[in-house]
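# Remarks on the overall topology
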Amino acid sequence: MRPIDLRSDTVTRPTPEMREAMARAEVGDDVYGEDPTVNRLEALAAERLDKEAALFVPSGTMGNLAALLAHCGRGDEAIIGDRQHTFLYEQGGMAALGGIMPHLLSNQPDGTLRLADIAAAVRGDDAHFPRTRLIALENTHNACHGVPLTPEYTAEVGALARCHGLRLHIDGARIFNAAAALNVDAHTLVAPADSVTFCLSKGLCAPVGSVLCGSAAFIAEARRARKVLGGGMRQAGILAAAGIVALERMTDRLREDHARAQMLAEGLAAIPGIEVAPVFTNLVYFSLTAEGAQTAPEVAAALAERGVLIGPRDARNFRAVTHYWIDAAAITRALAAMQDVLVSA
Ligand SMILES: *Cc1c(COP(=O)(O)O)cnc(C)c1O
């Protein structure tokens, strides 16, 4: 039997409908702008997020980096949270490849940056200072338990950005999870932003790819950045075809993943020795209480022997992620395995 894989929503394999669409996809050379399926995906993504234009990129990491390169020059400063994916998990690409200086602020437990902190971080016009160019947010906020940022908060940051002549970028890897959790259209969550990246390859199940959206002028710059990063793909319509199915069919069902995350959280909370953090979307963060003898890697190894994969984050903490290939029966089996490892063992 295939393991119950709760390590991430990146493990989602394409649906049968996606594989069919991929096999049938009309293609052309996308670097020449001639792949009709990529063009259709980009138009669809721009429409869904109510932006002028969009760019298909191989990964969320490249989407965020292309956005930062398009917004900022060398020596410019980007205001960003210390728990954001772009700071923690993208190899410092903004600094390494863009010469962009991160101005780090503390992410609050709800994933936000304090407005007062942002305002205080904006530099004045002085030859001693780098130029502040950008504010970057993340929605949903992965490391902050998958919490969604509200349209109201994002609008306040957008107003602050405009007031200081700054750009606003949203790493919306899971923006459709945020929309599902808050019961709003995704475009209302990104309306104040100049640019947004979202992943097709996570909960939306496509095999590869992310999309960067923004104004036509911004996307033209980002397209140049994608090329120098080696992301100019040719007959990429094969991949974009799955992305179209992802956008058309998979966004509304993310609520099911959220319901299963709640189910998992409730079941875990009932097992002695486990503490569960609040669950907002499809990410379930939990930890082993201090009195337990086993470490998280030991528990993860014992779960793996029972056909359940969950990522330990350190000695005590885990993250489990629900997605399309995790049904209620899988949650029940995962909980039974956890019970077996922690209580019966
Ligand atoms: C997954 C993720 C990314 C990067 O996506 P890749 O496609 O793995 O490069 C960026 N931001 C957040 C919040 C993510 O969860």
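Look above for the structure.
So, a few notes on the structure that sits alongside this text. Everything numeric here is computed off the predicted structure, so don't read it as measured data.

Calculation rules
Residues numbered from 1 in each chain as written. Predicted model: local features only at pLDDT ≥ 70, side-chain atom pairs only at ≥ 80, totals over all residues. Heavy atoms only, no water. Near = heavy atom within 4 Å. Polar contact = N/O pair within 3.5 Å; in protein donor to acceptor, adjacent residues only side chain to side chain. Areas by Shrake-Rupley, 256 points an atom, 1.4 Å probe, with all protein chains shown as cover. Helix = DSSP H or I, 4+ residues; strand = E, 2+ residues; numbered from the N terminus. Nonpolar A, V, L, I, M, F, W, Y, C, P; charged D, E, K, R; others polar. Expected span 1.5 Å × (residues − 1). Buried < 20%, exposed > 50% of the residue type's maximum accessible area, 1.4 Å probe, protein only. Pairing = 2+ DSSP bridges. Axes fitted to C-alpha atoms, helices over the stretch in contact; angles between N-to-C directions. Contact = heavy atoms within 4.5 Å. Salt bridge = Lys/Arg side-chain N within 4 Å of Asp/Glu carboxyl O.

## Points about the site of the ligand
In the neighbourhood of the ligand, 13 residues make up the surrounding shell, with Gly60, Thr61, Asp171, Arg174 and Lys202 lying closest. Gly60 places a polar main-chain atom, nitrogen or oxygen, 2.8 Å from an oxygen atom of the ligand. Between the ligand and the protein, one listed contact pairs an oxygen atom with a side-chain N or O atom of Arg174 at 3.1 Å. Relative to its free-state accessible area of 380 Å², the ligand is covered by the protein chains to the extent of 86%. Looking at which element gives the most residues to the shell around the ligand, the answer is helix H3 (residues 60–71), with 3 residues. Across the shell around the ligand, the residue classes tally to 2 nonpolar, 6 polar and 5 charged.

## Considerations on H3
The end-to-end C-alpha separation of H3 is 16 Å, in line with the 16 Å expected for 12 residues at 1.5 Å each. Counting buried residues along H3, 10 of its 12 residues qualify, which places the element largely inside the surrounding structure. Among the residues of H3, those classed as buried are Gly60, Met62, Gly63, Asn64, Leu65, Ala66, Ala67, Leu68, Ala70 and His71.

## Things to note about the sheet that holds strand S2 (residues 53–57)
Read across the sheet, 7 strands follow the order S2-S8-S7-S6-S5-S3-S4 without closing on themselves; strand pairing throughout is mixed. Looking at which strands have only one partner, the edges of the open sheet turn out to be S2 and strand S4 (101–105). Direction aside, the axes of adjacent strands within the sheet are offset by 20 degrees on average. Examined bridge by bridge, strand S7 (residues 195–199) and strand S8 (residues 210–214) share 5 bridges and lie antiparallel to one another. Bridge assignment links Phe198 to a residue of S8, and that residue is Val211. The strands that helix H2 (residues 36–48) touches are S2, S7 and S8; relative to S2, the one it contacts most, it runs at about 125 degrees.

## What about the pattern of salt bridges?
Within the structure shown, the criterion is met by 13 salt bridges. Across the pair Asp5 and Arg7 runs a salt bridge, and its minimum N-O distance is 2.6 Å. Across the pair Asp76 and Arg133 runs a salt bridge, and its minimum N-O distance is 2.7 Å. Of the two residues, Asp76 sits in the loop between H3 and strand S3 (77–81) while Arg133 sits in strand S5 (residues 132–138), which places them 57 residues apart along the sequence. Linked through salt bridges whose partners overlap, the residues forming this network are Arg253, Glu256 and Asp257.

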